[in-house]
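# Coordinates in review
Here are the chains, one letter per residue:
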Amino acid sequence: MVVSLTDLREEIDSIDTQLVELLARRQKITGKVGAYKKTIGKAIYDPVREAELIAERRTLAESLSVSPDLIEDLLRRIMRESYQSQHNSYRCLLPNTKVVVVGGAGALGSRFVDMFNRSGYEVVVFEESDWPNAGAIFSDAKLVIISVPIQVTESVISQLPKLNEECILADLTSLKHQPLQAMLEQHNGPVVGLHPMFGPDVPNFVKQVVVVCDGRDEHKYQWLIEQLKLWGAILEVDQAKQHDSSMEIIQAMRHFTTYVYGRFLAKQDPNLDQLLRLSSPIYRLELAMTGRLFAQNSQLYADIIYSAEDIETLAESFCSELTSALSDLKNKDKVAFKQSFEGVANWFGDTSSQFLVESRTMLKTAHDAKSVKQLSSK
């Protein structure tokens, strides 16, 4: 019996429909899982459970002659959606607690306001117009979070009225040493510096890194640390000065070089549609990361870059490397290029191979996004 292409496609369509229906069933169950986790106070993100599940499904895929990588990619995408379906509410670890978020109407501050609200805390957003009533607003607060631009953080901290000695004072700025010192001088109670390593556009806090810089009375703010974990955040404890030094590379220099590359593109003024049409997945991803910077608030990035203590020295060092590489290019010195290349490769060591593997999924996603856009535009 000859099977037609139409018959085969109808069979595939039927299977795809079943997949969608199964995903709908799974989503309902994960919603119930989220409700149960809230009841028992279990974190939304369980790395052990996730790793075990993926390992088991990869083994099953191999036994069925299905690509394990395909199954892992699919499961990770499904899990991201599952975490979002569990994002409705969380257990409150310290009931009857008033949380004041200074700058809570801002992009990042509002995310924390939302998370505390989802957890059943009494949340008050404090903005500049509220200073006349500061005494009353802060008097019974058990947690005060400073979420204002870097350049005014220390000034805002210095204006705080006397807080209850059991009140926790925390901040969310991307630099930690000076704000932490300012909080320790202003408040005699528990103090902690927090740096969320993500933007306000994340769907939830699952797998998002929050750096914790201990200040004073660590045991008194452990409930806050546990609340962050309950939301799914990954906490990394670091010393404030070490953190700031790392941020100069991770944030300030990265944003600065991206900014310069954006300036270069704008001056060259190539046809952007043409670049996108002809770009490989890796270049599209790099271009997307550049464009992403310029889709956001210029003041935010100016604060991050210009507030970095050693940014001028780092930028000059980067410029020196660029000048040296340009000299090799002018001299057509491929030997020097290869020697430098191998030197950098040795510095990365095995991590470069790890990055190669990790980047494949991102590149596939970038390639798929490009293909979908091209089709939709036709």
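Here, the structure is the one placed above.
First things first, this report covers the structure right here in the doc.

Conventions adopted
Residues numbered from 1 in each chain as written. Predicted model: local features only at pLDDT ≥ 70, side-chain atom pairs only at ≥ 80, totals over all residues. Heavy atoms only, no water. Buried < 20%, exposed > 50% of the residue type's maximum accessible area, 1.4 Å probe, protein only. Helix = DSSP H or I, 4+ residues; strand = E, 2+ residues; numbered from the N terminus. Pairing = 2+ DSSP bridges. Axes fitted to C-alpha atoms, helices over the stretch in contact; angles between N-to-C directions. Contact = heavy atoms within 4.5 Å. Polar contact = N/O pair within 3.5 Å; in protein donor to acceptor, adjacent residues only side chain to side chain. Salt bridge = Lys/Arg side-chain N within 4 Å of Asp/Glu carboxyl O. Parallel < 35°, antiparallel > 145°, perpendicular 65-115°, else oblique. Core = buried A, V, L, I, M, F, W, Y, C linked by side-chain atoms within 4.5 Å.

In this structure, Asp217 takes a positive phi of about 55 degrees despite not being glycine. Residue class for Asp217 comes out partly exposed when judged on its relative accessible area of 25%. In the Ramachandran plot, Lys332 falls in the positive-phi region, its phi being about 50 degrees despite a non-glycine side chain. Mapped onto the elements, Lys332 comes out in the loop between α13 (311–330) and α14 (334–348). Given a relative accessible area of 71%, Lys332 falls into the exposed group.

Below, the discussion takes up the sheet that holds strand β4 (residues 168–171). If you trace the 7 strands from one edge of the open sheet to the other, you get β2-β1-β3-β4-β5-β6-β7, paired in mixed fashion. Edge positions in the sheet fall to β2 (122–126) and β7 (234–237), since each has one partner strand and no second. Geometrically, the sheet is characterised by an average inter-axis angle of 25 degrees between neighbouring strands, direction not taken into account. Summarising the sheet, β4 and strand β5 (residues 191–196) pair through 3 bridges and their orientation is parallel. Residue pairing for β5: Ala170 is matched across the bridge by Val192. Sheet strands in contact with helix α7 (residues 177–186) are β4, β5 and β6 (209–216), and its direction is about 155 degrees off that of β5.

Tracing the chain through its elements places Thr30 in helix α1 (residues 5–40). At a separation of 2.8 Å, a polar atom in the side chain of Thr30 contacts the side chain of Ser85. When neighbours within four sequence positions are excluded, Thr30 is seen to be in contact with Ser82, Ser85 and Gln86.

Tallied over the full model, the rule gives 15 salt bridges. Of the charged contacts, one joins Glu56 and Arg57 as a salt bridge, the two residues approaching to 3.3 Å between their closest N and O atoms. Owing to a relative accessible area of 33%, Arg57 belongs among the partly exposed residues under this scheme.

All right, on to the packing of helix α6 (residues 150–159) against α7 then. Where α6 meets α7, the closest approach of the two axes is 9 Å, and the angle between their N-to-C directions is 5 degrees. In this view, α6 runs roughly parallel relative to α7, as classed from their interaxial angle. Residue-level contacts link Thr153, Glu154, Ile157 and Ser158 of α6 to Gln178, Pro179, Ala182, Met183 and Gln186 of α7.

Before going further, it helps to examine the nonpolar core. In this structure, Phe112, Phe116 and Leu194 are the most contacted members of the largest nonpolar core, which totals 38 residues. Broken down by element, the residue count for this core peaks at 5 residues, all from helix α4 (residues 107–118). In contact with Leu194, not counting residues within four places along its chain, are Ala170, Asp171, Leu172, Thr173, Lys176, Val210, Val211, Val212, Leu224 and Leu228. Membership of the second largest hydrophobic core comes to 23 residues, among which are Ile146, Leu163, Cys213 and Ala240.

The values are spatial; any link to function lies outside them.
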